[in-house]
Structures are given as structure tokens and as C-alpha cells.
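Each chain is listed here by its residues.
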Amino acid sequence: MKIIKKGDRRGAWKKQVICTGKGNDYDNAKKGNAPCGATLEITMRDIFMTSNTCYDLSTDYFYTIKCPCCGCLTDLPTNSLPSEVKEFASHRNEKTVDNDKLRFSNENNDVKSEKIDDDYEDEDEYLL
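Description of the structure in this document.

## Concerning the sheet that holds strand β3 (residues 48-53)
Spatial strand order, β3-β4-β5: three strands in an open sheet with antiparallel pairing. Only two strands of the sheet have a single partner each, and these edge strands are β3 and β5 (73-76). Taking the axes of each pair of neighbouring strands and ignoring which way they run, one obtains an average angle of 50° across the sheet. As paired elements, strand β4 (residues 59-66) and β5 share four bridges and run antiparallel to each other. In the strand pairing of β5, lysine 66 is matched with leucine 73.

Encoded structure:
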């Protein structure tokens, strides 16, 4: 058997989601972002963990994506994610995802700058 191109199992899972800002009203408002309603196809590499500490000092954790169009954070329903996606995402944060996207784009010569643009003016650079 001849391998034409090695696969990446971690990127095989995909799901379409809508940028709603759900679960992140405070963070999105603080950054001046409003959800744009874009339909996005995400992979497990786009998901990272966010958390919220309550008044009783208990902490809730969420699986979150960052919209490449408007920069809004949207929490994903936990029951819609396979266990391997949850495991992969549990070790990632927003900065990890941004760095992965920059590295992926640089490897494919799609990005000229060395810095992630927070405004995501050219959304195609950041979609995997």
C-alpha cells in the first residue's frame, strides 16, 4: 500500500456551528464584540476551554470557540461533542488555538505577518 498523504485524525471531526456569543456576554461586551451569526465549520483544533468562577468559589468549565469573523466567544453544548474532542480541548486555551492557526497558516505560506490580528480582517486565514 502506498501512502499518498498522511491523515490527521485529530482534525477529522467537524461540526457546523453559529456564532451566537452564548455563554460569553460579559467577555464579548468587555472586548466590544457582538456576535455576527456566521455559520462556521469547526474542527477540534478550534475548541478551547474557558471557565467561570462563581461567588461560592466553584468553577464551571466550558468548551468554547472564537469566531474568526467578529472575534466573539461562543460556548458549545457539552453533549454535542465526542469524548475525544473534549479530551483534546481540555488542554487548550484561546492563546493555544490562535498560535496553532498561525503556525498552520505559516506552514502553508498563507500568512505574511508574525502576529495574529485580533480583528480577523481576512477570515480565510484563520479557518482550518
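Structure shown, so let's carry the discussion forward.
## Notes on the layout of surface pockets
Leftover empty space is mapped by rolling, across the atoms, a probe with the size of a water molecule. Roughly 180 Å³ of volume is contained in the second largest pocket. The wall of the second largest pocket is formed by Gly23, Asn24, Asp25, Tyr26, Asp27, Thr50, Ser51, Asn52, Phe62 and Asp75. Among the residues making up the lining of the second largest pocket, the classes are represented as two nonpolar, five polar and three charged.

## Focus: the side chain of threonine 64
Position of threonine 64 among the secondary structure elements: in strand β4. The class of threonine 64 is buried, set by a relative accessible area of 0%. Side chain to side chain, threonine 64 and threonine 50 meet in a polar contact 2.7 Å long. Residue contacts for threonine 64: discarding those within four places in its chain leaves Asn24, Asp46, Ile47, Phe48, Thr50, Leu73, Thr74 and Asp75.

## Looking at the pairing of β3
Note that β3 and β4 share six bridges and pair antiparallel. Among the inter-strand pairings, methionine 49 is bridged to a residue of β4, identified as tyrosine 63. Where β3 folds back on β4, the antiparallel hairpin that results is connected by five residues, among which leucine 57 adopts a positive phi of roughly 70°.

## Observations regarding the pairing of β5
Successive side chains on a regular strand alternate, one facing one side of the sheet and the next facing the other. Here β5 shows a buried face lined by Leu73 and Asp75 and a second buried face lined by Thr74 and Leu76. Turn length for the β4-β5 hairpin, with the two strands adjacent in sequence and antiparallel, is six residues, and the turn residue glycine 71 shows positive phi of about 85°.

What counts and what doesn't
- Going along each chain's sequence as written, the residues are numbered from 1 onward.
- Owing to the predicted nature of the model, reporting of local features is limited to residues with pLDDT of at least 70; listing and counting of side-chain atom pairs is limited to 80 or more, with chain, interface and lining totals taken over all residues.
- Remark: hydrogens and water are excluded; side-chain values derive from all non-hydrogen atoms of the structure.
- Any two strands with at least two DSSP bridges between them are considered paired.
- Put simply, DSSP H or I for four residues or longer makes a helix, DSSP E for two residues or longer makes a strand, and each gets a number counted from the N terminus.
- The angle between two axes is taken between their N-to-C directions and runs from 0 to 180 degrees, where each axis is a line fitted to C-alpha atoms and a helix contributes only its stretch in contact.
- With a 1 Å grid spanning the protein atoms alone, the term cavity applies to any set of points in which a 1.4 Å probe fits but cannot get out, the term pocket to an open set with protein on both sides within 12 Å along at least five of seven lines, and the term lining residue to any residue with an atom within 4 Å of a point.
- Grid points are joined across faces, edges and corners, and a volume is the space filled by probe spheres set on the points.
- When residues are sorted by character, Ala, Val, Leu, Ile, Met, Phe, Trp, Tyr, Cys and Pro go into the nonpolar class, Asp, Glu, Lys and Arg into the charged class, and all the rest, Gly among them, into the polar class.
- For every residue, the accessible area obtained with a 1.4 Å probe (protein chains only) is divided by the maximum for its type, and the residue is called buried under 20%, exposed over 50%, and partly exposed between those limits.
- Polar contacts, as used here, are pairs of N or O atoms within 3.5 Å; protein pairs need one atom able to donate a hydrogen and one able to accept it. Residues neighboring in sequence count only if both atoms are side-chain atoms.
- We call two residues contacting when some pair of their heavy atoms lies within 4.5 Å.

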